[in-house]
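One-letter residues, chain by chain:
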Amino acid sequence: TGVGPTPTPTPTPVPGSDRISLKGGWNFVSTPKTLADGSNTAGAVFAGVDTAGRSVFLYDAQTGIWEAMTATSPVRPLDGIWIYSVGTKDVPLTFKSGGASTPPTKNVYLGWNAIGFPDVTAKSARVTLVSVDAPPRKKWAQIIGWNANSQVYEGAIVNADPSYTEQMQPTKGYWMFMNGDQAYYPWVLASLNS
């Protein structure tokens, strides 16, 4: 038997977390970290993607309205972005050196919210969404990812069992359903990194 604690391994970035790998069809994506100035708009990030003339979309959960991104729209961590691609395409990401001065946040609302996963290493939903898990004021109920390969939704990760270990993945977008007391709006989803 050894003496002293066992060292905890440092998580390593998931291969490909410095790029978004688009598949042919609709993709639900996000950036895992804050992007560098000049490389942080939809026009810069998705410049080489053939969208077949389709818009790139964000969903505004406060109003329930889909918003078409423009070339100058910012691409931020915690935003789930819908983009169509004619074929497979790797979209390189240029992260801000040293990250953002403060970790990103996103206001979330009752019902469905389109969110992004804000890290380069996979983490459990329980760890990732801890900032929106404070019943009865606010509680995420479930999250659902999108399988771009088969163009179908994945099985839901449900916030019920404290022992679950389902992982959220870098560069993916997710639908997250929120419940809680609206008197505590805005509910704020906070990133664990910058």
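Look up: the structure comes first, before these words.
Everything numeric here is computed off the predicted structure, so don't read it as measured data.

Can you help me understand the packing of aromatic side chains in this one?
How two aromatic rings sit relative to each other is given by the distance of their centres and the angle of their planes. This model, assessed by the stated rule, comprises 14 aromatic pairs. Between Phe28 and Trp175, the aromatic rings sit 5.7 Å apart at their centres with planes inclined by 40 degrees, giving tilted as the arrangement. A residue pair is termed long-range when its members are at least 10 positions apart, and Phe28 in strand β2 (residues 25-29) and Trp175 in strand β15 (residues 173-180) qualify at 147 residues. Judged by its relative accessible area of 4%, Phe28 is buried. Judged by its relative accessible area of 11%, Trp175 falls in the buried class. Measuring from ring centre to ring centre gives 6.2 Å for Phe57 and Trp66, while their planes differ by 80 degrees; the resulting arrangement is edge-to-face. Accessibility expressed as a relative area gives 24% for Phe57, which makes it partly exposed. One aromatic cluster is present, built from ring pairs that chain together Trp26, Phe28, Phe57, Tyr59, Trp66, Trp82, Tyr84, Trp146, Tyr153 and Trp175. Note that Arg54 overlies the ring of Tyr84, its terminal NZ or CZ placed 3.8 Å from the centroid. Just above the ring of Tyr184 sits the side chain of Arg137; from NZ or CZ to the centre is 5.5 Å.

How do you make sense of unusual backbone geometry when you look at a structure like this?
Residues apart from glycine generally show negative phi values, whereas peptide bonds are mostly found in trans. Backbone torsion omega between Pro135 and Pro136 reads 0 degrees, so that peptide bond is classified as cis. Structurally, Pro136 can be placed in the loop between β10 (133-134) and β11 (138-147). The step from Tyr185 to Pro186 runs through a cis peptide bond, and the omega angle for that step is -5 degrees. Note on placement: Pro186 falls in the loop between β15 and β16 (187-190). A positive phi angle, near 80 degrees, is found at Leu78, a position not held by glycine.

In this structure, what is going on with the pairing of β2? I would like to understand it.
Regular strands have side chains that alternate between both faces of the sheet. The buried fraction of β2 amounts to four of the five residues, a majority that puts the element mostly inside the structure. Summarising the sheet, β2 and strand β5 (residues 81-85) pair through five bridges and their orientation is antiparallel. Bridging across to β5, Val29 finds its partner in Ile81.

Looking at this structure, I do not really get the side chain of Asn27. What am I missing?
Here Asn27 is to be found in strand β2. Looking at Asn27, the relative accessible area reads 2%, which means it is buried. Among the polar contacts made by the side chain of Asn27, one reaches the main-chain amide nitrogen of Lys23 at a distance of 2.8 Å. Not counting residues up to four positions away in its chain, the partners in contact with Asn27 are Ser21, Leu22, Ile81, Trp82, Ile83, Ser85, Trp146 and Ala148.

Can you help me understand the pairing of β15 in this one?
In the sheet, strand β8 (residues 111-116) pairs with β15 via six bridges, with the strands oriented antiparallel. Bridge assignment links Ile115 to a residue of β15, and that residue is Tyr174.

I tried to follow the environment of Leu189 on my own but got confused; where do I start?
Secondary-structure assignment places Leu189 in strand β16. Take Leu189: its relative accessible area is 1%, and that puts it in the buried class. The spatial distance from the C-alpha of Leu189 to the C-alpha of Thr105 is 5.5 Å, given a sequence separation of 84 residues.

Teacher, can you tell me more about the pattern of salt bridges here?
Across all of its chains, the model carries six salt bridges by this definition. Arg76 is the partner of Asp79 in a salt bridge, and the nearest nitrogen-oxygen pair spans 3.3 Å. On the basis of relative accessible area, Arg76 is assigned to the partly exposed category, the value being 42%. Note that Asp133 and Arg126 form a salt bridge whose closest N and O atoms lie 3.6 Å from each other. What makes Arg126 partly exposed here is its relative accessible area of 25%.

Can you walk me through the environment of Gly38 in this structure?
Among the secondary structure elements, Gly38 is positioned in the loop between β2 and α1 (42-45). C-alpha of Gly38 to C-alpha of Thr94: the two residues are 56 residues apart in sequence and 9.3 Å apart in space.

Calculation criteria
Residues numbered from 1 in each chain as written. Predicted model: local features only at pLDDT ≥ 70, side-chain atom pairs only at ≥ 80, totals over all residues. Heavy atoms only, no water. Phe/Tyr/Trp six-rings, centres within 6.5 Å; stacked < 30°, edge-to-face > 60°. Helix = DSSP H or I, 4+ residues; strand = E, 2+ residues; numbered from the N terminus. Buried < 20%, exposed > 50% of the residue type's maximum accessible area, 1.4 Å probe, protein only. Lys NZ or Arg CZ within 6 Å of the ring centre and 35° of its normal. Pairing = 2+ DSSP bridges. Polar contact = N/O pair within 3.5 Å; in protein donor to acceptor, adjacent residues only side chain to side chain. Contact = heavy atoms within 4.5 Å. Salt bridge = Lys/Arg side-chain N within 4 Å of Asp/Glu carboxyl O.

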